[in-house]
Amino acid sequence: MDCIFCKIIAGEIPSYKVYEDDNVFAFLDIAPVNVGHTLVIPKKHYENMEDISEEELCNLARVVKRIGKSIKEGLGVKGYNININNKEVAGQIVPHLHFHIIPREEGDGLKLWSQGKYNEGEAEKAVNKIKI
Ligand code: AMP
Ligand code: ZN
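Residues numbered from 1 in each chain as written. Chains lettered and ligands numbered in written order. Predicted model: local features only at pLDDT ≥ 70, side-chain atom pairs only at ≥ 80, totals over all residues. Heavy atoms only, no water.

Q: How would you summarise the sheet that holds strand β2 (residues 24–28) if you had to cite specific residues and measurements?
A: Pairing is antiparallel across the open sheet formed by five strands, whose spatial order is β1-β2-β3-β5-β4. Both outer strands of the open sheet, β1 (17–20) and β4 (79–83), are each paired with one neighbouring strand and no more. Across the sheet, the mean angle separating the axes of adjacent strands is 15 degrees when strand polarity is ignored. As paired elements, β2 and strand β3 (residues 38–42) share five bridges and run antiparallel to each other. Across the sheet, residue V24 finds its bridge partner in β3, namely P42. Packed onto the sheet, helix α2 (residues 54–75) meets β1, β2, β3, β4 and β5 (99–104) and runs at close to 20 degrees relative to β5. (Pairing = 2+ DSSP bridges. Helix = DSSP H or I, 4+ residues; strand = E, 2+ residues; numbered from the N terminus. Axes fitted to C-alpha atoms, helices over the stretch in contact; angles between N-to-C directions. Contact = heavy atoms within 4.5 Å.)

What follows is the structure, given as structure tokens:
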């Protein structure tokens, strides 16, 4: 499969490895938002959150938690963002599921999303479509 992250796992493309076990691989993002920006991926190729099982996702999330702590303590930052882009419309460029862990510094200039407000009746309609 012609997947850049599968090639990184296989060692065909170099990376700065942060963590590896039987199922999970983590490495520095080549174009970091901030120094230490890390990507955590399953070794099995899944395109996005829809494709991975809940159990495997939980396993991945456990590693994300550990690396978040290591980033915070190792780099001495106060916090970090954890993000997954699912599908192109949401900004996913590499179609191999990955968590971004982005260390944050006071005043680093990273802007997250802008927020709006609901029109009359819109929240009720939305919740009825979404709720499980
Ligand atoms: P996304 O937009 O969520 O698909 O993010 C893909 C991320 O992969 C981007 O932040 C890229 O900088 C990163 N990336 C692409 N190629 C490489 C590479 N060879 N090594 C490390 N990170 C990469
Ligand atoms: Zn892949």
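Q: I'd love a proper account of the side chain of N85, names of residues and values included.
A: Tracing the backbone through its elements, the reader meets N85 in the loop between β4 and β5. We classify N85 as buried; its relative accessible area is 18%. Setting aside chain neighbours within four positions, we find N85 in contact with A90, G91, Q92 and H100. (Buried < 20%, exposed > 50% of the residue type's maximum accessible area, 1.4 Å probe, protein only.)

Q: Just give me the short version of the coordination of the zinc ion (ligand 2), but keep the residues and values in it.
A: The coordination sphere of the zinc ion (ligand 2) contains the protein donors C3 (SG), C6 (SG), H45 (ND1) and H96 (ND1), at a distance range of 2.0 to 2.3 Å. Because the angles between the four donor atoms bound to the zinc ion (ligand 2) fall within 102 to 117 degrees, the donor set is best described as tetrahedral. On the primary sequence, the residues serving as donors to the zinc ion (ligand 2) are separated as C-x2-C-x38-H-x50-H. You can see C6 sitting in helix α1 (residues 4–9) and its partner H96 sitting in the loop between β4 and β5, a full 90 residues away along the chain. Residue classification places H96 among the buried positions, given a relative accessible area of 0%. (Donors = N, O, S within 2.8 Å, 3.2 Å for Na, K, Ca; no water. Tetrahedral: all angles 85-135°; square planar, octahedral: opposite > 155°, others 65-115°.)

Q: Describe the site of ligand 1, and please don't skip the residues or the numbers.
A: Not every one of the 16 residues close to ligand 1 is listed here, only the nearest: D29, G91, I93, H98 and H100. I93 is positioned such that a nitrogen or oxygen atom in its backbone is 2.6 Å from an oxygen atom of ligand 1. Between ligand 1 and H100 there is a distance of 2.8 Å, counted from an oxygen atom to a side-chain nitrogen or oxygen. Elements represented by at least two residues in the shell around ligand 1 include exactly α1 and β2. Top element by residues in the shell around ligand 1 is α1. It accounts for three residues. In terms of residue class, the shell around ligand 1 is made up of 10 nonpolar, five polar and one charged. (Near = heavy atom within 4 Å. Polar contact = N/O pair within 3.5 Å; in protein donor to acceptor, adjacent residues only side chain to side chain. Nonpolar A, V, L, I, M, F, W, Y, C, P; charged D, E, K, R; others polar.)

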